Amino acid sequence: MNSIQKNPHRRFNPLSGEWLVVSPQRTQRPWQGQEESEVPETLLSHDPNCYLCPGNSRAGGARNPEYRETYSFINDFSALLPEQGDEKPVDHGLFYAVPERGICKVICFSPRHDLTVARMSSSEIRRIVDLWIAEYRELSMVDFISYVQIFENRGEVMGCSNPHPHGQIWSNENIPELPAKETQRQKAYFDTNKSLLLLDYLDAELKNKERIIYTNKDFVVLVPFWALWPYETMILPRRRVGTIDELEGNERDNLADAISKLTIRYDNLFRTSFPYSMGIHGAPCDGKAYQGWQMHLHYYPPLLRSASIKKFMVGYELLATPQRDITPEQAAAILRELPEKHYLEVKRD
Ligand code: H2U
Ligand code: ZN
């Protein structure tokens, strides 16, 4: 694979069926943009104006309980609603629209306003894993829900509205676009090979090693061969797991450990509270069998070369095909070498 470390090429994403362009030679080009340094934010552990802190009122008027670990509630401004409105489908040739039902939730990861996942202990992150599983179980049992999308938008540049550590869950009637593509691709692979696309991929990555960042007994953190974002990663289970609620006790601890080791490295990369969008993908919950599905986590961070310089998906990428300069192998080597202790903890020693 040596030639693809130097020369422009296309890479294929077998999970989405899409291509991207990689231009390793462009990392030589001069950079004349600004390089701002990080502005550390000092936050209160309880902010009286935060709508997610325990005991506070929310924008929608409800009041949060004095929760001590985690807390979830129905999004006061839900994008999808559980009740069917009186709209009829529109089906006039080129004008096609159908009503969509769903349930949207906000999930608070901690009562502490000033924490982030990267600054939590593995046992605190384990509580988040348990919360995801409890929410997944409840929502996937709702008869009209076909897919449960758990995600976290971290940092203002990702459009996150509040520093309080939290995530969201949107669950709905139809399988959304990206999980639908992954469903179709994994099914096709399973039908042809009688094995799982992501387990075969993981085997090959573990042999090759150049894109692996961290491993524990149950999970592997890697930069996928087809990564679009400069420091994009995936967390993959080593055994067959269709949906997150199939994880057993020790596996949940090891997922928390993998998340901790990854998010600390992310913060250490540019010595900043690293922004990202994280999402958990798994088999749909519409009652059908999905033998080819392997659950996984995607991390899509926007930063490129400092705490403030991000990659934009604009121009050619918005209009033609995504493109990257730094190779996935270079990104993996950089992340792998970073310390597993958070830079703010090191300062304190
Ligand atoms: P983000 O920070 O990822 O945008 O998530 C915050 C969510 O919290 C957002 O979807 C909801 C917003 O609708 N929210 C409430 O449900 N109640 C509030 O009082 C404020 C914000
Ligand atoms: Zn808060």
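Computed from a predicted model, the values in this text were never measured in an experiment. (Residues numbered from 1 in each chain as written. Chains lettered and ligands numbered in written order. Predicted model: local features only at pLDDT ≥ 70, side-chain atom pairs only at ≥ 80, totals over all residues. Heavy atoms only, no water.)

Visitor: Just checking my understanding: could you explain empty space enclosed by the protein for this structure?
Guide: Think of a ball as big as a water molecule: rolled over the atoms, this probe shows where empty space is left. Going through the model one piece at a time under the given rule, you end up with four cavities of 30 Å³ or more. What the largest cavity holds in volume is close to 70 Å³. Looking at the largest cavity, the residues that line it are Y136, Y147, V148, I150, T243, I244, I280, H281, G282 and A283. Secondary structure elements with two or more residues in the lining of the largest cavity: strand 7 (147-154) and strand 12 (276-281). Considered class by class, the residues forming the lining of the largest cavity number seven nonpolar, three polar and no charged. Taken as a whole, the second largest cavity holds about 50 Å³ of empty space. Every residue lining the second largest cavity is listed: T116, V117, E152, N153, R154, C160, N162, P163, H164, P165 and H166. (1 Å grid on protein atoms, 1.4 Å probe; cavity = no way out; pocket = protein on both sides within 12 Å on 5 of 7 lines; lining within 4 Å. Points joined across faces, edges and corners; volume = space filled by probe spheres on them. Helix = DSSP H or I, 4+ residues; strand = E, 2+ residues; numbered from the N terminus. Nonpolar A, V, L, I, M, F, W, Y, C, P; charged D, E, K, R; others polar.)

Visitor: Quick question: what am I supposed to make of the packing of helix 4 (residues 249-269) against helix 6 (residues 328-337) here?
Guide: To describe two helices that pack against each other, one gives the angle between their axes and the distance between the axes. Running from N to C, helix 4 and helix 6 cross one another at 100°; their axes reach a closest spacing of 9 Å. Considering their axes alone, helix 4 and helix 6 lie roughly perpendicular with respect to each other. Residue-level contacts link R265, Y266 and L269 of helix 4 to I334, L335 and R336 of helix 6. Looking at the contact of helix 4 with helix 6 residue by residue, the classes come out as four nonpolar, no polar and two charged. (Axes fitted to C-alpha atoms, helices over the stretch in contact; angles between N-to-C directions. Parallel < 35°, antiparallel > 145°, perpendicular 65-115°, else oblique. Contact = heavy atoms within 4.5 Å.)

Visitor: Explain the environment of E177 here, please?
Guide: Its location among the elements puts E177 in helix 2 (residues 177-193). In this structure the C-alpha to C-alpha distance between E177 and D130, which are 47 residues apart in sequence, comes to 27 Å.

Visitor: Looking at this structure, how should I read the packing of helix 2 against helix 3 (residues 197-208)?
Guide: One way to put it is that helix 2 packs onto helix 3 with a least axis distance of 8 Å and a crossing angle of 80°. Looking at the two axes, helix 2 sits roughly perpendicular to helix 3. Taken together, the residues of helix 3 that come into contact with helix 2 (itself represented by R185, Q186 and Y189) are L197, L198 and D200.

Visitor: Would you explain the site of ligand 1 in this entry?
Guide: With respect to spatial proximity, 15 residues lie near ligand 1, and among them A59, N75, D76, S161 and H166 are the closest. Here an oxygen atom of ligand 1 sits 2.7 Å away from a polar atom, N or O, in the side chain of S161. Interatomic distance of 2.8 Å between a side-chain N/O atom of H166 and an oxygen atom of ligand 1. Considering ligand 1 on its own, with 470 Å² of exposed area, one finds that the protein chains cover 87% of that surface. Of the residues assigned to the shell around ligand 1, the class counts are six nonpolar, seven polar and two charged. (Near = heavy atom within 4 Å. Polar contact = N/O pair within 3.5 Å; in protein donor to acceptor, adjacent residues only side chain to side chain. Areas by Shrake-Rupley, 256 points an atom, 1.4 Å probe, with all protein chains shown as cover.)

Visitor: Could you clarify how one ought to interpret helix 2 in this entry?
Guide: Residues that lie three or four places apart on an α-helix share one face, since the helix turns once every 3.6 residues. Spanning 17 residues, helix 2 covers 24 Å between terminal C-alpha atoms, matching the ideal 24 Å at 1.5 Å per step. By the burial criterion, the buried members of helix 2 are P179, E182, T183, Q186 and F190. Projected down its long axis, helix 2 shows its buried positions confined to an angular sector of 105°, all on one face. Projecting away from the buried face of helix 2 at angles above 90 degrees are the exposed residues E177 and T192. (Expected span 1.5 Å × (residues − 1). Buried < 20%, exposed > 50% of the residue type's maximum accessible area, 1.4 Å probe, protein only. Arc of directions from axis to C-beta.)

Visitor: Help me understand the nonpolar core, please; the structure alone is not making it clear to me.
Guide: Side chains of nonpolar character tend, in soluble globular proteins, to be buried together. Judged by nonpolar contacts, the single largest core of 52 residues is most densely connected at W132, I235 and L255. For this core, the leading source of residues is helix 1 (residues 122-140), giving eight residues. When sequence neighbours within four positions are dropped, the list of residues in contact with W132 reads I107, F109, I150, I244, I259, M278 and I280. In terms of nonpolar packing, the next biggest core, distinct from the first, is built from 13 residues, L197, L202, W226 and L236 among them. (Core = buried A, V, L, I, M, F, W, Y, C linked by side-chain atoms within 4.5 Å.)

Visitor: For this particular structure, what's the right way to read the packing of aromatic side chains?
Guide: Aromatic ring pairs: the centre-centre distance and the angle between the two ring planes describe each pair. Per the stated rule, a full pass over the model turns up 12 aromatic pairs. Ring centres 5.2 Å apart and planes at 20° place the aromatic pair Y67 and Y71 in the stacked group. Across the pair, exposure class does not vary: Y67 and Y71 are buried alike. Seen from their ring centres, Y266 and F274 are 4.6 Å apart, and the 15° between their planes marks the pair as stacked. By relative accessible area, F274 is classed as buried at 1%. Just above the ring of F225 sits the side chain of R11; from NZ or CZ to the centre is 4.3 Å. One Lys or Arg, R58, reaches over the ring of F73 and ends 3.6 Å from the middle of that ring. (Phe/Tyr/Trp six-rings, centres within 6.5 Å; stacked < 30°, edge-to-face > 60°. Lys NZ or Arg CZ within 6 Å of the ring centre and 35° of its normal.)

Visitor: Teacher, can you tell me more about the sheet that holds strand 7 here?
Guide: Backbone hydrogen bonds hold the strands of a sheet together, and the pairing may be parallel or antiparallel. Overall, antiparallel pairing links the nine strands, which are arranged 3-6-8-7-12-13-11-10-9 in an open sheet. The outermost strands of the open sheet, each flanked by one partner alone, are strand 3 (71-74) and strand 9 (212-215). Direction aside, neighbouring strands of the sheet carry axes that sit 20° apart on average. Where strand 10 (residues 219-222) and strand 11 (residues 233-237) come together, four bridges link them in antiparallel fashion. From the neighbouring strand, V221 faces strand 11, where its bridge partner is I235. (Pairing = 2+ DSSP bridges.)

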